[in-house]
Amino acid sequence: MKITFRWYGSGSDSVTLSQIKQIPGMTGLMGFLDYKAAGEVWTQEEIAAYIDEVHAAGLECEVIESVNVHEDIKMGLPSRDRYIENYCTTIRNLAKFGVKVIVYNFMPVFDWLRTDLARVIPEDGSNSLYFDEAELGCMGPLDIVRSTIENSNGFSLPGWEPERLAELETTLKRYERITPDELRANYKYFLDGILPTCEECGVVMACHPDDPAWPIFGLPRIAHSQEDFDKIVKLHDSPCNTVCLCTGSLGSNPDNDIPAIIRHFGEMGRIGCLHVRNIKHLGPHKFREAAHLSETGDLDMYAIMKAVHDTCPDTYIRPDHGRMIWGEVGRPGYGLYDRALGATYLNGLWEAIDKNKKRG
Ligand code: CS2
Ligand code: MN
């Protein structure tokens, strides 16, 4: 297992590479060029500038998260071919710099969605990302976009890039006519277009689940359960067609048995990487992001790490979103302290599982 950290680039992240390097056991990043709009080619110069800086700090960059998929591809518009071609060029360019896994998602319009980016956790006074569908009830998509951007402490948020949201109303209208099966057909067209390039360059695509793990605003969503991902991996049967198994996203729905899902796709060789974090269920369609420690949430982190160790031990893992603790101000979910604690905890679980197994 390689433990990694998400980093948005100098100038765009409150956390520095030297801080990341000092987290025990940290091997590298899940890297991101946060200024690239969905559909644009990532040039070799741009990739080199980012990756050279990461390497100079003594860290690896074998995973990229995300290369976002243009909305025209998801909607199946004629312009999709041009964007798929661009995507293939980006894959080739990233492969030249040693990138092995590309994370992406196929969620219409919104990436992750929360109703509060800094809900105080009464037990300890820290705060974290929070979702309550009842609060969403009185908010339309435009209200949620406005409040998410206003409350992000001045940082851009992944999945909430202004250019993606500029034509929100038109896009939402178009999706009214797209069924989940049609979205899946568009997804297959995308995979058929890019996976031969991935196989050629040795790059694995890893699909991130819908977050939260159920439909919202009546949009078609097709990636939030084991059954959904079974369909996805079959859309184009290739070892390069894998899952980015995000425990917190899938875990927002208590019906998802996370260790079982990890075993299922791990045994199939279809886990490209994982995001490991905990979640606290507070009621139907209501949850907050918890500290990584099992007892602070509802996921069994030992069972999760054991499932990884048993079925896909060579994978990449990053602690996912963290709480804001110790007065830190940063991009919601992406501060230094709680994610560093998370990484350390995951490493601790790993060491125990590993030594226990070796001693028989
Ligand atoms: C999520 C997503 O895991 C996360 O941090 O908040 O933004 C995720 O990076 C994307 O869905 C991957 O494409
Ligand atoms: Mn995630």
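All of the points below concern the structure found in this document. (Residues numbered from 1 in each chain as written. Chains lettered and ligands numbered in written order. Predicted model: local features only at pLDDT ≥ 70, side-chain atom pairs only at ≥ 80, totals over all residues.)

1. Describing unusual backbone geometry
The omega torsion across Glu65 and Ser66 is -5 degrees, close enough to zero to call that bond cis. When you line up the elements, Ser66 lands in the loop between strand S3 (60-65) and helix H3 (71-75). The peptide bond linking Asp211 to Pro212 adopts the cis configuration, its omega dihedral lying at 0 degrees. Along the chain, Pro212 falls in the loop between strand S7 (204-208) and helix H10 (226-235). The phi dihedral of Trp326 is positive, around 55 degrees, even though this residue is not glycine. (Helix = DSSP H or I, 4+ residues; strand = E, 2+ residues; numbered from the N terminus.)

2. Regarding the sheet that holds strand S4 (residues 101-105)
On the basis of which strands lie adjacent, the closed barrel formed by eight strands has the order S1-S2-S3-S4-S7-S8-S9-S12 and parallel pairing. Taken over all neighbouring pairs, the strand axes of this sheet differ in orientation by 30 degrees on average, direction set aside. (Pairing = 2+ DSSP bridges. Axes fitted to C-alpha atoms, helices over the stretch in contact; angles between N-to-C directions.)

3. Comments concerning the sheet that holds strand S11 (residues 286-289)
An order of S5-S6-S11-S10 is seen for the four strands of this open sheet, with the pairing classed as antiparallel. At either margin of the open sheet sits one strand with a lone partner, and together these are strand S5 (116-120) and strand S10 (279-283). Strand-to-strand twist in this sheet, taken as the mean axis angle between neighbours without regard to direction, amounts to 35 degrees. Where S5 lies against strand S6 (residues 127-132), three bridges are found, and the strand directions are antiparallel. Directly across from Val120, in S6, lies its bridge partner Asn127.

4. Structural notes on the environment of Ile91
Checked against the element boundaries, Ile91 lands in helix H4 (residues 80-96). Separated by 77 residues in sequence, Ile91 and Ser14 have C-alpha atoms that sit 28 Å apart. Setting aside anything within four residues of it in sequence, one finds Ile91 in contact with Ile102, Ile194, Thr197, Cys198, Cys201 and Val203. (Contact = placed C-beta atoms within 7 Å.)

5. Looking at helix H12 (residues 258-267)
Every buried residue of H12 is accounted for by Ile258, Pro259, Ile261, Ile262, Phe265 and Gly266. The buried residues of H12 occupy one face: seen down the axis, they fall within an arc of 160 degrees. Here the buried face of H12 lies against H10, strand S8 (241-246), helix H11 (247-251), strand S9 (271-276) and helix H13 (301-311). (Buried ≥ 20, exposed ≤ 12 C-beta atoms within 10 Å, placed from the backbone. Arc of directions from axis to C-beta.)

6. A closer look at the pairing of S10
In this structure, S10 lies alongside S11, joined through four bridges in antiparallel fashion. Its bridge partner being in S11, Lys280 is matched across the sheet by Arg288. What sits between S10 and S11 in their antiparallel hairpin is a turn of two residues, with His285 showing a positive phi close to 55 degrees.

7. A look at the environment of Arg221
Within the secondary structure, Arg221 sits in the loop between S7 and H10. Owing to 22 C-beta atoms within 10 Å, Arg221 belongs among the buried residues under this scheme. C-alpha separation for the pair Arg221 and Phe106, spaced 115 residues apart in sequence, amounts to 8.2 Å. Setting aside anything within four residues of it in sequence, one finds Arg221 in contact with Met107, Asp210 and Pro215.

8. A word on helix H2 (residues 44-56)
For H2, built from 13 residues, the straight-helix expectation of 18 Å at 1.5 Å per residue is met to within 8% by its first-to-last C-alpha distance of 18 Å. Of all the residues in H2, the buried ones are Ile47, Tyr50, Ile51 and Val54. For H2, the arc enclosing every buried residue in end-on projection is 90 degrees, short of the 170-degree limit, so these residues lie on one face. For H2, the exposed residues set more than 90 degrees away from the buried face come down to Glu45, Ala49, Asp52 and Ala56. In the core, the buried residues of H2 are packed alongside helix H1 (17-21), strand S2 (28-31), S3 and H4. Of the residues trailing H2, Gly58 is marked for its positive phi of about 85 degrees. (Expected span 1.5 Å × (residues − 1).)

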